Structures are given as C-alpha cells and as structure tokens.
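A closer look at the structure
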Amino acid sequence: MNEKHMNPYLAGFLLGLVLLLTIFVTGRGLGASGATKNVVVAAVGAVAPQHAAANPFYSKLLGPGHEAPLKGWLVFEVLGVLLGAFVSGLGADRLRFVTERGPKVSVKGRLLFALLGGALFGAGAQLARGCTSGAALSGMAVLSVAGFVTMMAIFGSGFLFAWFTRSLWLGAKAGR
Amino acid sequence: MGPFVPDLISDQLNLVVALAIGFLFGFVLEQAGFSSSRRLVGVFYGYDLTVLRVFFTAAVTAAAGVLLLAAGGLLDLTAIFVNPTWLAPAIAGGVLMGLGFLLGGFCPGTSVCAAAIGKVDAMVFLAGGALGVFGYAELFPRFAAFADSTSLGPAKVYESLGVSPGLFVLLLAAAAILAFTVGGIVERKVAPDAAPSRLFAKKKHVAAAAVLLSFAALAAVVPNRNARLVAKVNAPGYVPHHVVKPMSPDELAFRIIDGDQRLRVVDLRPEAARKARPLPGTIAVPAGEVLGKEWRSTFSPRLVKKVFVAEKEAEAKTAAYLLVETGFENVAYLEGGYGAFERTVLSAKSPEGEGRFAPVVERFREQARTALAERVRLERAAGTAAPKKVKKVQGGC
C-alpha cells in the first residue's frame, strides 16, 4: 500500500471546503448512496415497470412528472467522484487491481463480506435517508439533528460491534 | 446571494456542477487515503484514526463556513436543504450502516473512490450496496410505517440543545480536538510503529487544532446578518432612509376590500393565529424569513405597497425597516398590530376618537366586517388561503 497520503487535517479542511462550495452553489450537500438508489430504481423501472409502479419506494421516483432517475444530481456527482479519485490515484501511482484484506482473511472471504457489508450499508442508508456523506457529513454541515444522530449511530454501532469482526481486519498481533 | 440553484443555475447546468463537485470530492477523498478499507476501519480498532481526523475537520470547516457565509449575507440559510429527521429510522439505519462498515470496510462514497483506483473489494461492496437497496425496496411496503415514524422535520441540532448555532460549532470544534488528542494517544498505543499520527510532527497537530478552533470561534462571534440588521433597525436613533409609515386598520381594511392591486399585505403571524383569526388577501411569510431569497420577488415591485401585519406593531415595523435596509422601497406596517385591527375594524363597538365622523366610521366598519368575512369564506372555499409555494432546493440521498 502506498502510504503517501495527504495530511488528514489538510484533507479534512479541503473536504470541508468542497462541501461548503456545494452548499453555497447548489443549496444541497454531498452524497453517495442516493446514486446507487437511483440506479436500482431505474433498473427495476426498466425491467419490471408494473412491479415498480406497485411499490411506493420505486413509484415515488418514477413515472410522468419525474425526472429520469439516471439524470439525478447524485448520479452525476458520483460519476465525478469516480473521475476525481481516478485522477488522484493516477497521480499518486495507486492504480492497480487488488483485493485489500486483513491478514487472516482469504480473497473469497473478503469479497463475500464486502458484498454483505455493502448490502447492509445500502439498506441502512435507505432507512436513514442517506449514508456517511449524504446524511451524516452533509447533515452536520447544516447542523441538522439527522446529521448528528446518523453520525453517532454509524460510529457508535461500529465501535460497539468492532470486537466481533476483529478477525476480518486484525492480524495475530495488535495493530496491522 | 447563494445558493444559485434553482434561480441562477438551471437543472441541466446543475448536473454539470454535480460532475465538477463530484470530481473534487473524489479527488480529496482519495488523497486522504479513503480508498483503503484497512485504513478506513482502522478507526474502529484504533490503529489508524485518519477517518476521525478527516471527517471531523471537514464537518467543523463546513459548518463554520456555512455560518460565516450567512453572516456575510452571501448565503441564504432559509433556502438551503436541511435533511429532515426521522429519529428511530435514522438510528436503526445508522446501526445497520455501522455493521456494514465493519463487514464491508467502506461506506458508499469511499467505496466509489476505491473502486475507481481498482480495488476489487470496493467494486463488490458497490454491487452489495445495490443489492441492499433492492432488498430494502422489495421489503419496503412492510415497514414503510416504521421508516416514516418519529418525524421531527428539518430539526436543527442547536435548537434541540438550546444554544446558538455559533456556540454549537465552537463546542463541536472543541470536541473534535479532544477526540483527535485522545485518538492520537490510542493510535500510538495500539500501533506504536505504524500510527499515522507519527508521520508528521507534533507542531502540525497543534497548528491544525489552532486553525480549526479559531475558524469555529470566528463563526461563533460574527453575528448573523439577520440578527445584525435587526439590532441595527431597533437601535435608538435609527432613521430609515426611505419613508416607512404606519397604516391605520381602517385604511388596510378598505384597501383589502377594494382589491387594491398596488397593495401587498404580508402576514407575519404564526400559522395557528392566521388560521384562527384570518385576514384575507395576504401572503404568509414566517417572521424570521423576511430577508429570505424566496420572498424577494414578492417585495421587489416598487409601485406596490408592502404592508406588514404582525401580532405586535413593533414586529411589523422591524420587518418593514429590514426591507428598507436591504434596498426595498414603499413599505408600511399595520398600526397597533393585529390586535388594533380587531379592536377597531372587527369590533362592533362604537368607534372612539372619531368625533363627528363616528357614525360614518361605524357604518364603514360594519360593511368591512361583512366583506372581509366573505373574502375569507371565498378564499377557504377556493383554497387560495394556502401560502404561496416557491420551488425550493431538494437534496438528500
């Protein structure tokens, strides 16, 4: 792993400025999980339109009077994230296909847990109306109750259950 | 004054803005090292607290920045999206997300970053995310009731705690610095050789904390634009640079009944009061939002007289002065507040202090009562009593 990362305070300050710029220009915050949601809604709407029309989760975002879900703000923002991260990784020589995993975990195991973790995150973000970026960070920037509650719930749950998942990340010795 | 969506930046252009903002977001996240799952989950095991440092520094910077922009009159806080709170779903969803973080090693934003530089685990995490959304959607009808429970609306955290937004941000900055300090100690204990906080000098930690704290302190001491202007117009000796006259209840009643096209009555009273004691032909504007961007077009016609109606005369007068102070003209306020309107126009008692005109005034008020009541009835029937809805910024995931 390439360890040459930016000073975290500087990175945090820049991230804060990006978020501030977003709020200043567009009046809304950053996000990520919303893009996945839009893609899923668009896919279900295209494959099984009748099924989608019957379920309020999909129908809220589909049908006449709605912009196509793939034309959502977050979909474009996430495309930008892909590009930006790619350029950053290119500059720092970090572009390579790898599966990063804890010392005790097989590649297959890591991917299985990544799938499971992704699914939990995806579902949880729907319930909480946003993920770490959309609900927690952006919410904290505008001092919303939702932002702080979601942030504390995510990190609280992480600290609470970390002991049970330690074999996924830690080696025999403490530390990495 | 920001935000520039939807009035200055169209929906189409906003997508280009989204792409550009996403680029910066992704670039910074990747630079911070958020494309590594082992680094991200390090926060939960204490060997790498980069997430804590980046996340809280960003939150304090953005929150303080929002307050500072608003204080400078550059950002309209009433026009930005504040994500509404559904308390129980937010906690339950957060707990699920915490578990997802531990098992998957990413959150959605960071997984996009990591996938962009070739991390296979991140690509699988993203696919998992889509499965999670799909599963949630399919089961959604079963717990839709829970998902919409314990709604608090767009609640602000400082209001719940009863402090000013500036003080809250300052406390947040202090809490963040405390967390960085304690976190640094933990990090060096858990990973004596590899702790990222060892990678740079103590001086830099201290400098970062100082910058963060002073930024938050600045946000706490600079008064908010609205509060500053309210203080200015209420200061003794304040003279507005345009004439602001009181309007008598009788004149207001006459002009409303007359259907005066050059009159715009702005009702500042809270919704409950407006419903219980309605005044027809008004525009409802929340008392604290008079300076909001949303209402500019309502107040800008110079040939139209804007009359503020509030429970207390002083409140309406302040609103009128605020308008004048921010460049609007032809503003007035209801003399004596809504109470005076009720005591005179709406009262069946004989008019006082009208001398020999008393019988005329009494006859007028009698007709006015009937006409006003009729207008209220018509508005209710037509549903036009509903406040004017302006297109607002939408956000959220």
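Reading the values: rules and limits
- Residues numbered from 1 in each chain as written.
- Chains lettered and ligands numbered in written order.
- Predicted model: local features only at pLDDT ≥ 70, side-chain atom pairs only at ≥ 80, totals over all residues.
- Heavy atoms only, no water.
- Core = buried A, V, L, I, M, F, W, Y, C linked by side-chain atoms within 4.5 Å.
- Buried < 20%, exposed > 50% of the residue type's maximum accessible area, 1.4 Å probe, protein only.
- Helix = DSSP H or I, 4+ residues; strand = E, 2+ residues; numbered from the N terminus.
- Contact = heavy atoms within 4.5 Å.
- Domains from an automatic or database assignment.
- Buried area = accessible area lost by both parts, 1.4 Å probe.
- Expected span 1.5 Å × (residues − 1).
- Polar contact = N/O pair within 3.5 Å; in protein donor to acceptor, adjacent residues only side chain to side chain.
- Axes fitted to C-alpha atoms, helices over the stretch in contact; angles between N-to-C directions.
- Parallel < 35°, antiparallel > 145°, perpendicular 65-115°, else oblique.
- Left-handed = near helix turned anticlockwise from the far one by under 90°.
- Nonpolar A, V, L, I, M, F, W, Y, C, P; charged D, E, K, R; others polar.

Our focus in this paragraph is the nonpolar core. Counting residues in hydrophobic clusters, the biggest one holds 105 residues, and the most contacted among them are B:F44 and B:Y45. At 15 residues, the largest contribution of residues to this core is made by helix α3 (residues 50-71) of chain B. Setting aside chain neighbours within four positions, we find B:F44 in contact with A:F155, A:G158, A:F159, A:A162, B:F101 and B:L102. Judged by nonpolar contacts, the second largest core, of 24 residues, contains B:L229, B:V285, B:W295 and B:A310.

All names here are of chain B. Taken as a whole, chain B is organised into domain 1 (11-227) and domain 2 (232-382). Using C-alpha coordinates to define each centre, domain 1 is positioned 45 Å away from domain 2. Contacts between domain 1 and domain 2 engage 4 residues on the former and 8 residues on the latter. Carbon and sulfur atoms supply 49% of the area that domain 1 and domain 2 bury against each other, a total of about 520 Å² over both sides.

For the rest of this paragraph, the subject is the side chain of B:D250. Summarising the element assignment, B:D250 is placed in helix α11 (residues 249-257). In this structure B:D250 touches B:V345, B:E354, B:V361, B:F364 and B:R365, once residues within four positions along its chain are discounted.

What follows covers helix α1 (residues 8-26) of chain A. Relative to the 27 Å expected for 19 residues at 1.5 Å per residue, α1(A) spans 26 Å between its end C-alpha atoms, a close match to the ideal helical length. Among the residues of α1(A), the N-terminal cap falls to A:N7, whose side-chain oxygen and the backbone nitrogen of A:Y9 are separated by 2.8 Å.

Residues and elements named next belong to chain B. The contact between helix α8 (residues 165-190) and helix α9 (residues 202-221) brings their axes to 7 Å, and the two run at 165°. Classified by the angle between their axes, α8 and α9 sit roughly antiparallel to one another. With respect to the hand of their crossing, α8 and α9 are arranged in left-handed fashion. On α9, the residues touching G166, L167, V169, L170, A173, A174, I177 and F180 of α8 are A209, L212, L213, A216, A217, A219 and A220. The residue inventory of the contact of α8 with α9, partitioned by class, reads 14 nonpolar, 1 polar and no charged.

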